[in-house]
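Reading the structure
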Amino acid sequence: MHVLWQEESWGERVLLHYASRVRTNWHDAPPAECFNIAAINETLMNSIA
């Protein structure tokens, strides 16, 4: 659970946009690259917010 879930007005929207972008990056990454989608990239999260 990320702290943004508690943000009533825009938290869920930011988290969904973040998940969408990470999913796209995961599918675009070369097969040999290790990609951990469980680790939240706070820099990316802040740029989306």
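Scroll up for the structure.
Quick caveat, the model's predicted, so the values are computed rather than measured. (Residues numbered from 1 in each chain as written. Predicted model: local features only at pLDDT ≥ 70, side-chain atom pairs only at ≥ 80, totals over all residues. Heavy atoms only, no water.)

A few points about the nonpolar core
Let me state the cut-off plainly: Grouping buried Ala, Val, Leu, Ile, Met, Phe, Trp, Tyr and Cys residues that are joined through side-chain atoms within 4.5 Å yields what is termed a nonpolar core. Burial here depends on accessible area, computed with a 1.4 Å probe over protein chains only, as a share of the maximum for the residue type. Under 20% is buried, over 50% is exposed, and the range in between is partly exposed. Numbering of helices and strands starts at the N terminus; helices are DSSP runs of H or I of at least 4 residues and strands are runs of E of at least 2. Two residues form a contact once any of their heavy atoms are found within 4.5 Å.
Counting 7 residues, the largest nonpolar core consists of V14, L15, Y18, V22, L44, M45 and I48. The dominant element in this core, judged by the number of residues it contributes, is helix α1 (residues 11–28), at 4 residues. Ignoring sequence-local partners within four residues, the contact set of L44 consists of Y18, R21 and V22.

Some details on the environment of I48
Considering the arrangement of structural elements, one finds I48 in helix α2 (residues 42–48). Note on I48: relative accessible area 17%, which makes it buried. Expressed as a C-alpha distance, the spacing of I48 and L15, which sit 33 residues apart in the sequence, is 8.7 Å. Setting aside anything within four residues of it in sequence, one finds I48 in contact with V14, H17, Y18 and R21.

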